[in-house]
2 protein chains.
Amino acid sequence: MEEFAAVSGISRPTVSKYFNDPGSVRPSTRKRIEAALEEYDYSPNVFAMNQNRRKTKNIGVVVPNLADPFFSEIARRVELACIDSGYSPILLSSHGRPDMEKTNLASLRSLKAAGVLLAPFGRLSESEAIKAFDADFPLVLFDANMSDIGQAFVGTNNSQSVDLMVEYLCRSGEPPCFFEMKYPTNPNANKRRTAYIESMERHGQKPHIFQADGEGWNFEEIGRYEGGRFLSENAFPTNTVLCSNDRLAIGMLSAAYGLGFRVGQGAGCHIRIAGHDDHPFSRFTCPPLTTIAQDYEAIANRAVGTLFGMLESEERLTQRQETLFEGRLIMRDSA
Amino acid sequence: MEEFAAVSGISRPTVSKYFNDPGSVRPSTRKRIEAALEEYDYSPNVFAMNQNRRKTKNIGVVVPNLADPFFSEIARRVELACIDSGYSPILLSSHGRPDMEKTNLASLRSLKAAGVLLAPFGRLSESEAIKAFDADFPLVLFDANMSDIGQAFVGTNNSQSVDLMVEYLCRSGEPPCFFEMKYPTNPNANKRRTAYIESMERHGQKPHIFQADGEGWNFEEIGRYEGGRFLSENAFPTNTVLCSNDRLAIGMLSAAYGLGFRVGQGAGCHIRIAGHDDHPFSRFTCPPLTTIAQDYEAIANRAVGTLFGMLESEERLTQRQETLFEGRLIMRDSA
DNA sequence: ATTAAAAATTAACGCGCGTAAAGAAAAATC
DNA sequence: GATTTTTCTTTACGCGCGTTAATTTTTAAT
């Protein structure tokens, strides 16, 4: 920067000021800098910049696993929302490992992030580390809630969305059984189970819950193996299954195909399968999956908006905010 | 670090040495530092560390789009291979935007990456920027090749893999048509088309190529729309279609389902569909997709190994290396 | 106990930039 | 033209650490 300032004929502090905000220097000097920029293609070291800044423009975005298309989709929207507001998002995936969530927060500490948007693991998260981070940085949670952590949470209203699906399934055929992981890592899974039970009781139906054994992130495989087991044992008392999320449903769909079960609502179909989340692949399954779409756009925008509001007012929220958006029923052919 | 060194009773340079390599200090001082670490939970700022190091342990990994499960899968393996070798991978996705590929390389410049593994866009990449980067950093390309860029390339032997598939399809039924994007961004697509044509001619068959209109990364949607169009127009002269990649095949499978075409090789099936890449979802499609598995593991390990070899010898390769691994035929039910 | 080798300490500089203060220069106002 | 305001320049320090060189201390070897 020293050298670049010399060749452009401007002092280094002014050049520094320019890179911080090009509009903050006189138009004539701005032109000289930009002319020199054309010729010598210099660009400042972003990490050295943030080393010493009071407030950076870096926003940390941490998700549990980018290999899950659900998270890559919502992360993409969050990133775009940040960029639109003039901030630089830094996307970090924890690759399914809670210890890496901690590492990622440490990185964001080093980077002096202005604020962080975190989709935590939930039960598996190292909550002490997150709490410590929360104390020092503006933190907004999304997707998965954790009590008393973060100044705000933005997510989907699982009881509304599951009720919507249960209502639809009851109205259009036999009431649904519920298929989920036995040891879900994500707190939404618990909310959905509870919502299913309550909704079924409201409809005067008996809830039936089926839990898949298995650990890890290989949900489709678990859905196929365990779902296939329940199907072949004829374990479901009704012909309708609501899966806790689309990835399980995709696996179950695959199992049903393998067993020769026709899936759908038409005549000649043996079973109806529904999911939750509107996973990017759900529209391409055979048959296309009936599911609940989370309002990715609204969740991303609200999470980002809430964080930026905090950044601008420069004070912590007096009270923790929780915002839940409604899910939308996506009727396709599987149920 | 100053403070931490004070409370641990060790000088700062020694503490610095410890963090650089815990084994490089005397066991007794190591114990004292680690005891202090327990109590005061300090951790060095990774970005400040790299600011001034001769050789960092940072390896940049740049992929065009992490939202594509193919890339998230191979990136995962590359990351693990780096970690196993004691380096810190920094994974950057260009989100489908070639200009962001350039930005990502600039970030890695700032970070003083010891070396970079890059899966370039190919035709759309800003090759001047990559060349400039290549001149200053050890660079290994994987997945997609670009002539004269990078000191090495590691990928799949498309002519072998496509030939393997064509041979299988010809042997087990009618010879395949080829379905691809009209304007593929990835150089592998062109290699596969050429390989298909040559292989068909070797088998004494006439090649038939069908190209899908459409831009962007929404391959499944394009595969469904355009594949569905060809199917419903009865455009394919044989009952077998080889898709240039699995994502197109997944879309086409969905179209076939919608049109009531039974896919597979058994009696009563109308069409066979095959793909290429063994996409993580391919085993869950209905029917499961017959495809070519790239040897992710070998590609990742060789790419990482080649780069680390360069890092240790501290000199550029005298000649550009190209390593191609063979694809493996994965026979499932779709063809 | 003596000596050589290994490890730690002290002191100082550098990385690439942000930032603050004081003064000089340029632009805007009258 | 004189005055005020804005913008630059100069100078200097700091961020959090790596790294070096000279010196001292500790450990291992004789």
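Calculation criteria
Residues numbered from 1 in each chain as written. Chains lettered and ligands numbered in written order. Predicted model: local features only at pLDDT ≥ 70, side-chain atom pairs only at ≥ 80, totals over all residues. Heavy atoms only, no water. Least-squares fit on C-alpha atoms with pLDDT ≥ 70 in both. Contact = heavy atoms within 4.5 Å. Buried area = accessible area lost by both parts, 1.4 Å probe. Salt bridge = Lys/Arg side-chain N within 4 Å of Asp/Glu carboxyl O. Polar contact = N/O pair within 3.5 Å; in protein donor to acceptor, adjacent residues only side chain to side chain. Helix = DSSP H or I, 4+ residues; strand = E, 2+ residues; numbered from the N terminus. Buried < 20%, exposed > 50% of the residue type's maximum accessible area, 1.4 Å probe, protein only. Near = heavy atom within 4 Å. Nonpolar A, V, L, I, M, F, W, Y, C, P; charged D, E, K, R; others polar. Pairing = 2+ DSSP bridges. Axes fitted to C-alpha atoms, helices over the stretch in contact; angles between N-to-C directions. Phe/Tyr/Trp six-rings, centres within 6.5 Å; stacked < 30°, edge-to-face > 60°. Parallel < 35°, antiparallel > 145°, perpendicular 65-115°, else oblique. Left-handed = near helix turned anticlockwise from the far one by under 90°.

Turning our eyes to something else, we now look at the relation of the copies chain B and chain A. What connects the two chain copies is a rotation about an axis and a shift along it. For the pair chain B and chain A, the best superposition has an RMSD of 0.2 Å and corresponds to a rotation of 180° with a translation of 0.1 Å parallel to the axis. Both copies of the chain, as the preceding transformation shows, are related through a two-fold rotation axis. Of the interface residues in chain B, 97% have counterparts in chain A that sit at the interface too, so the contact is made through matching surfaces.

Moving on, we get to the interface of chain B and chain A. Taken together, the 33 residues of chain B in the interface contact 32 residues of chain A. Of the roughly 2,900 Å² buried at the junction of chain B and chain A (both faces included), carbon and sulfur atoms supply 66%. For chain B, the biggest contributors to the area lost against chain A are Phe47, Phe281 and Phe284 of chain B; these three give 24% of the whole. Between the two partners, chain B and chain A, sit zero salt bridges. In this assembly, chain B and chain A are joined by six residue pairs in polar contact (both at pLDDT 80 or more).

Before going further, it helps to examine unusual backbone geometry. The amide bond that connects Cys286 of chain A to the next residue, Pro287 of chain A, takes the cis arrangement and shows omega of -5°. Relative to the helices and strands, Pro287 of chain A is located in the loop between strand S9 (272-274) and strand S10 (291-293). The backbone of Asp143 of chain A shows a phi angle near 65°, a positive value even though the residue is not glycine. Here Asp143 of chain A lies in the loop between strand S4 (139-142) and strand S5 (152-156). For Asn234 of chain B, which is not glycine, the phi dihedral falls at a positive 55°. Relative to the assigned elements, Asn234 of chain B resides in the loop between helix H10 (219-232) and strand S8 (240-243). Given a relative accessible area of 63%, Asn234 of chain B falls into the exposed group.

A few words now on the protein's contact with DNA strand C. In the neighbourhood of DNA strand C, 26 residues make up the surrounding shell, with Ser16 and Asn45 of chain A together with Ser11, Thr29 and Asn52 of chain B lying closest. A share of 65% of the atoms of DNA strand C within 4 Å of the protein falls on sugar and phosphate groups. Between Met1 of chain A and DNA strand C, the recorded distance is 3.3 Å, taken from a backbone N or O atom to a phosphate oxygen. Between a phosphate oxygen of DNA strand C and a side-chain N or O atom of Ser11 of chain B, the distance comes to 2.5 Å. Listed by contribution, the elements that provide at least two residues to the surface near DNA strand C are helix H2 (12-20) and helix H4 (46-51) of chain A together with helix H2 (12-20) of chain B. Considering only residue class, the surface near DNA strand C consists of eight nonpolar, 11 polar and seven charged.

Turning to the sheet that holds S8 of chain B, a few remarks are in order. Residue and element names in this part refer to chain B. The parallel open sheet is built from four strands, whose spatial order is S7-S6-S8-S9. Bordering the open sheet on either side are strand S7 (209-212) and strand S9 (272-274), each of which pairs with just one other strand. With direction set aside, neighbouring strand axes in the sheet form an average angle of 25°. Inspection of the sheet shows S8 paired to S9 by three bridges, in the parallel sense. Residue pairing across strands places Val241 opposite Ile273, the latter belonging to S9.

We now examine the packing of aromatic side chains. All names here are of chain B. Summed over the entire model, instances satisfying the criterion amount to 31 aromatic pairs over all chains. With a centroid separation of 6.5 Å and an interplanar angle of 65°, the aromatic rings of Phe71 and Trp217 are classed as edge-to-face. Taken together, the residues span a long stretch of sequence, with Phe71 in helix H5 (residues 69-84) and Trp217 in the loop between S7 and H10 at a distance of 146 residues. Relative accessible area serves as the criterion here: at 21%, Trp217 is assigned to the partly exposed category.

Residue and element names in this part refer to chain B. Where helix H6 (residues 98-110) contacts helix H7 (residues 127-136), the two axes come as close as 10 Å, and the packing angle between them is 20°. Classified by the angle between their axes, H6 and H7 sit roughly parallel to one another. By crossing handedness, the relation of H6 to H7 is classed as left-handed. Facing Glu101, Lys102, Leu105, Leu108 and Arg109 of H6, the residues of H7 in contact are Ala129, Ile130, Ala132, Phe133 and Asp136. Taken together, the residues of the contact of H6 with H7 break down into six nonpolar, no polar and four charged.

The subject of this paragraph is the protein's contact with DNA strand D. Around DNA strand D, a shell composed of 25 residues is seen, among which Arg26, Thr29 and Asn52 of chain A together with Ser16 and Asn45 of chain B lie nearest. Measuring from a sugar or linking oxygen of DNA strand D, one finds a side-chain N or O atom of Gln51 of chain A at 3.2 Å. For DNA strand D, a phosphate oxygen lies 2.3 Å from a polar atom in the side chain of Ser16 of chain B. Considering only residue class, the surface near DNA strand D consists of eight nonpolar, 11 polar and six charged.

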